[in-house]
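Report on the structure
One letter stands for each residue in the lines below.
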Amino acid sequence: MTQPAERIKVSGVVLPDGEHRDLYVVDGRITLDPVADADLVAQGWIVPGLVDAHCHIGLDEHGPVTDEVSEEQALRDRDAGTLLVRDAGSAADTRWIDDRDDLPHVIRAGRHLARTRRYIRNYAHEIEPDELTAYVIQEAKRGDGWVKLVGDWIERDSGDLRPCWPADALKAGIDAAHEHGARVTAHVFGAAALPDLLAAGIDCIEHGTGLSTDLIDDMTARGVALVPTVKQLDNFPNYAAAGEARFPAYARHMRELHARRKQTIGAAYDAGVPIFAGTDAGGVLPHGLIADEVLELSAYGMSAFDALGAASWNARTWLGRPNWLDEGAPADFVVYDADPLEDLSVLAHPARIVLRGRVIS
Ligand SMILES: [Zn+2]
């Protein structure tokens, strides 16, 4: 897919610092030294390539999908300005994407690790606690520095959300991930699973709708991140309705978590928990909705600067990727016609997308 390197120029207000600069791109990297024959391809507001910190390439609601469908998912993300994805668990092998210059960068968490018969069918390695450490090591080796656990799910006996793992298994599993250079994150809807996950040294919580003040304080003290997937939380009433007949306690619980979702996530933001944007595309939701997620984060009380940072420069820093459009940086950025910090809905209409130094659209 390699095409000739382009020599391009973009001019405008560069975020996050807000300074006006001319950026030149040569051989996929940014330079501030003027390049005489560079084509001016865009003027406006220039944002480091957007980040979807929680989606799933290679999954749909039934399980793994074909490479063609995975490609469509990745292209939809890219065309929305998402140039870096943290894949929060996929049953498909999408390693081939790394050879494609025209698709977003992907940081994988391997395949979800769930308790037996306690997750969406065909998604996870479904295992028991005595197998957790071995599977964590396997997925740490398979992924790109992350491992994904399903921290709570319906338990049939109690008919409600319950923690999936005992504390000692979590501690051993998370220690093993860290020894193998991987961070660990967990899907958690309720409150009960959170204390053991935090005590075991988890690095990130996905969804986090069960957070209380004490647990938020524990997260800030430990520097644990939160990817609340706020668009996805709109689906909680549907999950409640689907579970109502067999699991009325679960249905009540999900409605209660949904009713206070904005207070819960807003309290985490106010307390200083690092929050990142994740669309949770690839299960129920379609890909390409990063602009919607940023808008919804702002509706939860985040400032426009923090909501966009959660899907760009701050997420890049957290994921260990270049976060600043400066001399020598990889040329992954999006240009908008108007200032997204004045009106975040601008994000739905990228004027130019440049990935690996090439104009994508
Ligand atoms: Zn997910």
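A short tour of the structure in this document, coming up. This is a predicted model, so every value here is computed, not measured.

The rules behind each value
- Residues numbered from 1 in each chain as written.
- Predicted model: local features only at pLDDT ≥ 70, side-chain atom pairs only at ≥ 80, totals over all residues.
- Heavy atoms only, no water.
- Helix = DSSP H or I, 4+ residues; strand = E, 2+ residues; numbered from the N terminus.
- Buried < 20%, exposed > 50% of the residue type's maximum accessible area, 1.4 Å probe, protein only.
- Contact = heavy atoms within 4.5 Å.
- Pairing = 2+ DSSP bridges.
- Phe/Tyr/Trp six-rings, centres within 6.5 Å; stacked < 30°, edge-to-face > 60°.
- Lys NZ or Arg CZ within 6 Å of the ring centre and 35° of its normal.
- Axes fitted to C-alpha atoms, helices over the stretch in contact; angles between N-to-C directions.
- Parallel < 35°, antiparallel > 145°, perpendicular 65-115°, else oblique.
- Nonpolar A, V, L, I, M, F, W, Y, C, P; charged D, E, K, R; others polar.
- Patch = residues over 30% accessible without salt bridge, like charges linked within 9 Å, V, L, I, M, F, W, Y side chains within 5 Å.
- Areas by Shrake-Rupley, 256 points an atom, 1.4 Å probe, with all protein chains shown as cover.
- Salt bridge = Lys/Arg side-chain N within 4 Å of Asp/Glu carboxyl O.
- Lys, Arg positive; Asp, Glu negative; His and termini not counted.
- Charge placed at Lys NZ, Arg CZ, Asp CG, Glu CD.
- Donors = N, O, S within 2.8 Å, 3.2 Å for Na, K, Ca; no water.

Looking only at helices and strands, the protein has 12 helices and 20 strands in total. Seen through its C-alpha atoms, the protein measures out along the principal axes to roughly 70 × 40 × 35 Å. Counting every position in the protein, which comprises 361 residues, the buried fraction comes to 56%. Contacts in the protein between residues at least 24 apart in sequence constitute 66% of all its contacts with a sequence separation of at least 6.

Sheet topology note: the strand β13 (residues 152-155)/strand β14 (residues 160-163) ladder contains 4 bridges and is antiparallel. Bridge pairing links Asp152 to Pro163 in β14. Remark: 4 residues form the turn of the hairpin made by β13 and β14, two consecutive strands paired antiparallel; Gly159 in that turn has positive phi of roughly 70°.

This part covers unusual backbone geometry. Between Leu15 and Pro16 the backbone carries a cis peptide bond, its omega angle lying at 10°. Positionally, Pro16 belongs in the loop between β1 (8-14) and β2 (19-26).

Taken as a whole and assessed by the stated rule, the structure comprises 7 aromatic pairs. Here the aromatic rings of Phe236 and Tyr239 are separated by 6.2 Å at their centres, their planes lie at 45°, and the arrangement is tilted. Of this pair, Phe236 and Tyr239 both sit in helix α7 (residues 236-243), 3 residues apart, roughly one helical turn. Tyr239 sits in the partly exposed class, given a relative accessible area of 22%. Between the aromatic rings of Phe276 and Trp318, the centroid separation amounts to 4.2 Å while the plane-to-plane angle is 10°, which identifies the pairing as stacked. Taken together, the residues Phe276 in the loop between α9 (261-271) and α10 (290-299) and Trp318 in helix α12 (residues 313-318) connect sequence positions 42 residues apart. For Phe276, a relative accessible area of 5% translates into the label buried. An aromatic cluster is defined as three or more aromatic residues linked by ring pairs; in this entry it consists of Tyr119, Tyr123 and Trp153. A cation over an aromatic ring shows up here: Arg86 above the ring of Trp146, its NZ or CZ 4.7 Å from the ring centre.

Right, let's talk about the packing of α7 against helix α8 (residues 248-259) for a bit. Where α7 contacts α8, the axes come no closer than 8 Å and their chain directions differ by 170°. Taken together, the axes of α7 and α8 are roughly antiparallel relative to one another. Here Phe236, Pro237, Tyr239, Ala240, Ala241 and Gly243 of α7 come into contact with α8, specifically with Pro248, Tyr250, Ala251, Met254, Arg255, Leu257 and His258. Across the contact of α7 with α8, the residue classes tally to 10 nonpolar, 2 polar and 1 charged.

With that out of the way, let us pick up a positive patch on the surface. Together, Arg117, Arg121, Arg156 and Arg246 make up a positively charged patch on the protein surface. Topologically, Arg117 is positioned in the loop between β10 (113-115) and β11 (125-127).

What follows is about the coordination of the zinc ion. Distances from the zinc ion to its protein donors, His54 (NE2), His56 (NE2) and Asp280 (OD), fall at 2.0 to 2.1 Å. The sequence pattern formed by the donor residues of the zinc ion is H-x1-H-x223-D. Here His54 is found in strand β5 (residues 50-55), whereas its partner Asp280 is found in the loop between α9 and α10, with 226 residues between them in sequence.

A word on the sheet that holds β2. Reading across the sheet, the 7 strands line up as β3-β2-β1-β4-β18-β19-β20 and stay open at both edges, with mixed pairing between neighbours. Lying at the two open borders of the sheet, with one neighbouring strand each, are β3 (29-31) and β20 (358-359). Looking at chain direction, strand β4 (residues 39-48) and strand β18 (residues 333-336) are connected through 4 bridges and run antiparallel. The partner of Pro48 across the bridge, within β18, is Phe333.

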